[in-house]
2 protein chains.
Amino acid sequence: MDFPLWIERITGGDLRLLARALSEIENRGPRKHSLLEALFPHMRKACTIGVTGAPGTGKSTVVDALAACFRKQDKRVAILAIDPTSPFTGGSILGDRIRMQSHEADDGVYIRSMATRGSLGGLAPAAADVLVALDAAGFEVILIETVGVGQAEVDVVQLASAVALLLNPSSGSDVQTMKAGIMEIADIFVINKADLAGTDRLESELRAMLSLAPETQEKEPPIVRTVATQGTGIEELAALLTTAPLAVERPADYWERRLIEMVRERLMDTVVEKALPAERLSEAAQQIAARRLNPFSFADELTRDLLSDSLLNRPKAD
Amino acid sequence: MDFPLWIERITGGDLRLLARALSEIENRGPRKHSLLEALFPHMRKACTIGVTGAPGTGKSTVVDALAACFRKQDKRVAILAIDPTSPFTGGSILGDRIRMQSHEADDGVYIRSMATRGSLGGLAPAAADVLVALDAAGFEVILIETVGVGQAEVDVVQLASAVALLLNPSSGSDVQTMKAGIMEIADIFVINKADLAGTDRLESELRAMLSLAPETQEKEPPIVRTVATQGTGIEELAALLTTAPLAVERPADYWERRLIEMVRERLMDTVVEKALPAERLSEAAQQIAARRLNPFSFADELTRDLLSDSLLNRPKAD
């Protein structure tokens, strides 16, 4: 199929061709950049929502309930499940497969898993590109769901314009054990399984913790109680996540970060491909390990060799 | 002080000048690269040990006990505490200060905290540079201790030639709640607080979990029981961490990764400084947010402009 027709079909809602494009983007195929370039003008400003929290807090259930809620509003919904797979946590994959079946009959819900752990460019830049494609494909709500709460996942959910952090009123997922860096990115705190004992205590602990936040933060994020298995609180959560302009970050700030990432990715692709191909890299590393080559001088020389003369001679900008 | 004298003093064991060099390296000061280049030939192959585990598992206590054990062997010990500080986890800083006092009288133990969270180059590359300086300064054992178990910390402890992962026989730090990616990097599992109930159960769970590991792994890592507060098991742990060649990675593999990181850092420094200074970046981002500029085409153009013609015209290496 020719390229313009491919783009036309994707933006028209063809899910099979969208899947092909997403694979091309995720696997950094040869047409990745042209696809993104062509899809960008078709973006319609989808509402992107990140859902994160420790394992067992009910992320999948909340995401499924939110998806059902948005479907009732006749919105097309995409779910992007982020799973930096570990050989020790194989369970989630099976879970995903089961979920896909439950939405199978509904053409308005599209589920995509990403597990590009260890890729050179990182998971978050790859996910950002996938979001461009999903938005251009006409999904009005994109739910980003993480499996864990590691740094990679934190980076990804921060791509969303609103982030919900799930907690449970049970030991093991209370505020004391929250990882550094995760509390700060939440726009909304969700106490899921709020029919369990300890919900009041968790909410007070959470409020106490939030009152310690630096004063730079504009206001305390809302706390919502849900019982996702019964749909309780989901409508309120959906409304909060989509109506208020929760994200402090302006779109221009987002694109500043992305531009730096994009240039970095392109530079490193070229470097790896042309200046430091496997054989040269391996030889240099062996020389360094044997102390016959100084890595710091070598990296300096290589960098000078890579950059254009006009750039190197350019005066430093202020 | 002139540069060669500075280097001479650092490699001769002057801790005050070492501290100045480490700050220059961590803060990416103007002499960072020349310092590292000059220190590299003085590296003496220090034994680097990573100690990680969930908060509360006793990492500081184990690291302190290990340090004391190596001091008895008359080895000079450096402790590098990695703390990607969060406003919500201020406690660890205080803890560090208290520890420093306990070692204060001993010139053979040097403690340094790193908290360069959010730096452009990432925490792990910065820590790798600090390790070069500590090694060149003559420390024979370098203990890398993380505060949490996030991706940034995992990346850092992987710089060590041996990694110990701490667990406790108490809820909240058992194998089920271990984060993806953390089990795989451990060369030794340490059940600390092994005088508590549940130690046998934890060890069997751990063995069961480890037997699920992919067959590519050479052999199951050892499990050591310690009660660090009493020094129990610490000598055995120290011996295991320093004698066996635990790390599968060869030094050349390490330098392959580091070279890529070093070139990336240098390229991005130049790019940010000369090609995409704040004002130009901000203007481009605003154009993109307003949909007047396609970020993917812009990044392509910029990359072509940055790289030397000779590189771009070079044929693709195979």
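Residues numbered from 1 in each chain as written. Chains lettered and ligands numbered in written order. Predicted model: local features only at pLDDT ≥ 70, side-chain atom pairs only at ≥ 80, totals over all residues. Heavy atoms only, no water.

**Some points on the packing of helix α1 (residues 3–11) of chain B against helix α2 (residues 15–26) of chain B**
Residue and element names in this part refer to chain B. Packing of α1 against α2 brings their axes to within 8 Å, and their N-to-C directions diverge by 115°. By crossing handedness, the relation of α1 to α2 is classed as left-handed. For the pair α1 and α2, the contacting residues are W6, R9 and I10 in the first and L17, L18, R20 and A21 in the second. (Axes fitted to C-alpha atoms, helices over the stretch in contact; angles between N-to-C directions. Helix = DSSP H or I, 4+ residues; strand = E, 2+ residues; numbered from the N terminus. Left-handed = near helix turned anticlockwise from the far one by under 90°. Contact = heavy atoms within 4.5 Å.)

**Here we look at a positive patch on the surface**
Among the surface-exposed residues, R9, R16, R20 and R31 of chain A lie close enough to one another that they form a single positively charged patch. Turning to its location among the elements, R31 of chain A is positioned in the loop between α2 (15–26) and α3 (32–39). (Patch = residues over 30% accessible without salt bridge, like charges linked within 9 Å, V, L, I, M, F, W, Y side chains within 5 Å. Areas by Shrake-Rupley, 256 points an atom, 1.4 Å probe, with all protein chains shown as cover. Salt bridge = Lys/Arg side-chain N within 4 Å of Asp/Glu carboxyl O. Lys, Arg positive; Asp, Glu negative; His and termini not counted. Charge placed at Lys NZ, Arg CZ, Asp CG, Glu CD.)

**Overview of the packing of helix α10 (residues 251–275) of chain A against helix α12 (residues 295–306) of chain B**
The interhelical angle for the contact between α10 of chain A and α12 of chain B, taken along N-to-C directions, is 50°, at an axis separation of 9 Å. Looking at the two axes, α10 of chain A sits oblique to α12 of chain B. When you trace α10 of chain A past α12 of chain B, the crossing you get is right-handed. Facing W255, L259, M262, V263, R266 and L267 of chain A of α10 of chain A, the residues of α12 of chain B in contact are P295, F296, F298, A299, D300, L302, T303 and L306 of chain B. (Parallel < 35°, antiparallel > 145°, perpendicular 65-115°, else oblique.)

**Structural notes on the packing of aromatic side chains**
Counted by the stated rule, this structure contains ten aromatic pairs over all chains. Ring plane angle 85° and centroid distance 5.3 Å describe the contact between Y254 of chain A and W255 of chain A, whose orientation is recorded as edge-to-face. Here W255 of chain A falls in the buried class, since its relative accessible area comes to 8%. Chaining the aromatic ring pairs together yields one cluster made of F40, Y254 and W255 of chain A together with F296 of chain B. (Phe/Tyr/Trp six-rings, centres within 6.5 Å; stacked < 30°, edge-to-face > 60°. Buried < 20%, exposed > 50% of the residue type's maximum accessible area, 1.4 Å probe, protein only.)

**Re unusual backbone geometry**
Residues and elements named next belong to chain A. You will see that R28, though not glycine, has its phi angle at about 55°, which is positive. Tracing the chain through its elements places R28 in the loop between α2 and α3. The backbone of K45 shows a phi angle near 65°, a positive value even though the residue is not glycine. Mapped onto the elements, K45 comes out in the loop between α3 and β1 (47–53). Classification of K45 as exposed rests on a relative accessible area of 56%.

**What about the pairing of strand β4 (residues 141–146) of chain A?**
All names here are of chain A. Counting buried residues along β4, six of its six residues qualify, which places the element largely inside the surrounding structure. Because side chains alternate across β4, one face comprises the buried residues V141, L143 and E145, and the other comprises I142, I144 and T146, equally buried. Summarising the sheet, β1 and β4 pair through five bridges and their orientation is parallel. Bridge assignment links V51 to a residue of β4, and that residue is E145. Bridge analysis of strand β2 (residues 77–82) against β4 gives six bridges, and the strand direction is parallel. When the bridges of β4 are listed, A78 appears paired with I142. (Pairing = 2+ DSSP bridges.)

**Things to note about the pattern of salt bridges**
Residues and elements named next belong to chain A. The tally for this structure, following the rule as stated, stands at 24 salt bridges over all chains. Linking E26 and R112 is a salt bridge whose minimum nitrogen-to-oxygen distance equals 3.2 Å. Placement of E26 in helix α2 and of R112 in strand β3 (residues 109–114) is noted, with a sequence separation of 86 residues between them. Assessed through its relative accessible area of 13%, E26 is described here as buried. In this structure R112 comes out as buried when scored by relative accessible area, which is 13%. Residues R225 and E203 are paired through a salt bridge, measuring 2.9 Å at the closest nitrogen-oxygen approach. Pair noted here: R225 is in strand β7 (residues 223–226) and E203 is in helix α8 (residues 199–211), with a separation of 22 residues, a long-range link. You can call R225 partly exposed: its relative accessible area is 32%. Of the residues examined, E203 reaches a relative accessible area of 15% and is grouped as buried.

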